[in-house]
Structures are given as structure tokens and as C-alpha cells.
Amino acid sequence: MLLIEPDFTRRIDLPGAGPCPRPVDIDQSVTGFADLVSLRVYAFAAGVTIHGEAEGDELFIVLMRGTIDLSVREGGEQVGVFSLDTCGESRAIYMPPGSEYYLTAQGDADVAYARVRGEAATTRRTKVFSSADGRTLGQAAGMTFALTSLEPGAVLDLAPSGSPAPERLVHLRSSGAGRAEIGGRPLGDWQTAVIGCGADAVLTVDDGQVDILLVSAAV
């Protein structure tokens, strides 16, 4: 298991938006994974508009903080305009390979992008995922995600029951002093754990409320 620290000095020059902070930038050159392509988390300033593409990947966009609007196109055709809000119902969106989007931050917003190779996603369409009881779940052809709010003392098993454990990325966010422990090692705000195939892992929340984003390759 690897623990990846954020880099708050990293800036990525995005067309039309200029340099944007990307504290989390984890790809296959870091993980050595075969399937999960990357997990990146941007800190967008209010008013920033981003034009992006899923390219050849399946793409989850998961809102970690703030409010964003997304205008999505598939095959050159408009699919719709969607709003994600940490205080609302919708928290994430799936986009299939070949789709594109315009993202506008309605306020300061932290936004996670998770990608997996998209060869198995030929029939998938754009889909929005809503939260219920502090949890948001999403499934694609090649990966799943779970965004879960946990209180102190909560225990989260990070390996699927009855199946060999896949490639996983575990990202923690906390609005205060929330922290957790994973595999006997502390995991704090903005840190990410990289867990390889076959490895068991359990996360325990030590203090404060935390949000855990778990991205897993398909089993």
C-alpha cells in the first residue's frame, strides 16, 4: 500500500482557465495499475469554466466540495446540463468514452476525476448519481466509486465480499481535524491510499467526520 501526499503548489494550465491547482495527481506511473488510469482532484476557483473530454476513458466526476454545473455532449449532441452540489442531492456524474463537457464552478469547488480504460463501455450513457444517507454510489463498465461520510469509530471494509480485491484508490477529505487509519497507517485530509490487487484493507475513523472516496476497478 502506498500513501500519496497532496501537492498544493502544483498548477495545471487548462485552456481558457489558466493555471489551476491540482493537489492530487495520481496515475499509472505512480500506482503501476493495469486498469485504473488516474485519480486527480482539482481545486477550482469560483467562476472558472473548464472544457474537458473523457477521451478514450470512462470518467467519473465527483464533487468533494462546493457547487458546479456541467454541460455534457455525446457524439457531438447535447445530453443535458447538470448541477452537482455538496448541499444537494446530486454529487457525481458518469461520462462514457468520447463524451465532452463544460464545467463551471459556481463557487470554490474541489472536484475529483477518476478514469478507467473504456474499451468495455460502448453502450454506456451519461448518468448522474445522487446521495442517500450520507453515501453516493456509482458503477461503470470498468470501475465503481463510493463516496461515504463517516463518523468517529466507523469501520469501512475496502475489499468486496467473496471476490478477489481489485485495484483501489482511497481519498480522504475532512472539513476539520478528521483523520482515519488504514492498514495500521494514519490517513489525513487530502491524502490518498493506493491499494493493489488482492490486498485486504480496513479503514477506521479515529477522530472527526470524514468523507471517503473509494474508486475500485471492476471485479
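Residues numbered from 1 in each chain as written. Predicted model: local features only at pLDDT ≥ 70, side-chain atom pairs only at ≥ 80, totals over all residues. Heavy atoms only, no water.

Student: Go over the overall build of the protein, please, and point to the residues and values.
Tutor: Along the protein, the regular secondary structure elements total 1 helix and 22 strands. On C-alpha atoms alone, the protein measures out to a radius of gyration of 16 Å, which is about the 17 Å that the 2.2 N^0.38 rule sets for 219 residues. Structurally, the protein occupies a C-alpha span of about 45 × 35 × 35 Å along its principal axes. For the protein, with 219 residues in total, the buried portion stands at 49%. For the protein, contacts bridging at least 24 residues in sequence account for 72% of all contacts bridging at least 6. Counting every atom, the protein has about 9,700 Å² of accessible surface; 47% of that belongs to carbon and sulfur. When the 17 basic and 29 acidic side-chain charges of the protein are each reduced to a single mean position, those positions are 1 Å apart. (Helix = DSSP H or I, 4+ residues; strand = E, 2+ residues; numbered from the N terminus. Rg over C-alpha atoms; globule rule 2.2 N^0.38 Å. Buried < 20%, exposed > 50% of the residue type's maximum accessible area, 1.4 Å probe, protein only. Contact = heavy atoms within 4.5 Å. Areas by Shrake-Rupley, 256 points an atom, 1.4 Å probe, with all protein chains shown as cover. Lys, Arg positive; Asp, Glu negative; His and termini not counted. Charge placed at Lys NZ, Arg CZ, Asp CG, Glu CD.)

Student: So what's going on with the side chain of Ser90? Residues and values would help.
Tutor: Of note, Ser90 is situated in strand E10 (residues 90-95). Among residues more than four places away in sequence, those in contact with Ser90 are Ser83, Leu84, Asp85, Val128, Phe129 and Ser130.

Student: So what's going on with the environment of Met143? Which residues, and what values?
Tutor: With respect to the helices, strands and loops of the structure, Met143 is situated in strand E15 (residues 143-150). Sequence separation between Met143 and Ser216 is 73 residues, and the spatial gap between their C-alpha atoms is 5.5 Å. Leaving out residues up to four positions away in the same chain, Met143 has contacts with Leu36, Glu58, Leu59, Phe60, Ala114, Arg115, Val116, Val215, Ser216, Ala217 and Ala218.

Student: Any details on the nonpolar core? Residues and values, ideally.
Tutor: Counting residues in each nonpolar core, the largest one holds 26 residues, and the members touching the most others are Leu36, Phe60, Val62, Met143, Phe145 and Leu213. When residues of this core are traced back to their parent elements, those giving at least two are strand E4 (24-27), strand E5 (36-44), strand E7 (57-65), E10, strand E12 (109-117), E15 and strand E22 (210-217). Apart from residues no more than four positions distant in its own chain, Val62 is found in contact with Arg91, Ala92, Asp110, Val111, Ala112, Phe145, Leu147 and Leu213. Core analysis: the second largest hydrophobic core is formed by 22 residues, Val48, Ile50, Leu59 and Leu70 among them. (Core = buried A, V, L, I, M, F, W, Y, C linked by side-chain atoms within 4.5 Å.)

Student: Would you mind going over the packing of aromatic side chains in detail, with residue names and values included?
Tutor: In this structure the tally under the stated criterion is 8 aromatic pairs. Taking the centre distance of 5.1 Å and the plane angle of 15° together, the rings of Tyr42 and Phe44 count as stacked. No difference in accessibility class separates Tyr42 from Phe44, as the two residues are buried. Taken together, the ring pairs in this structure connect Tyr42, Phe44, Tyr101 and Tyr113 into an aromatic cluster. (Phe/Tyr/Trp six-rings, centres within 6.5 Å; stacked < 30°, edge-to-face > 60°.)

Student: Go over the pairing of E22, please, and point to the residues and values.
Tutor: Counting buried residues along E22, 8 of its 8 residues qualify, which places the element largely inside the surrounding structure. Burial of E22 is two-sided: the residues Val210, Ile212, Leu214 and Ser216 facing one way and the residues Asp211, Leu213, Val215 and Ala217 facing the other way are all buried. Note: E15 against E22, 8 bridges, orientation antiparallel. Looking at the pairing, Ala146 lines up with Leu214 of E22. Relative to E22, strand E17 (residues 168-173) runs antiparallel, the two sharing 6 bridges. Residue pairing across strands places Arg168 opposite Ser216, the latter belonging to E22. (Pairing = 2+ DSSP bridges.)

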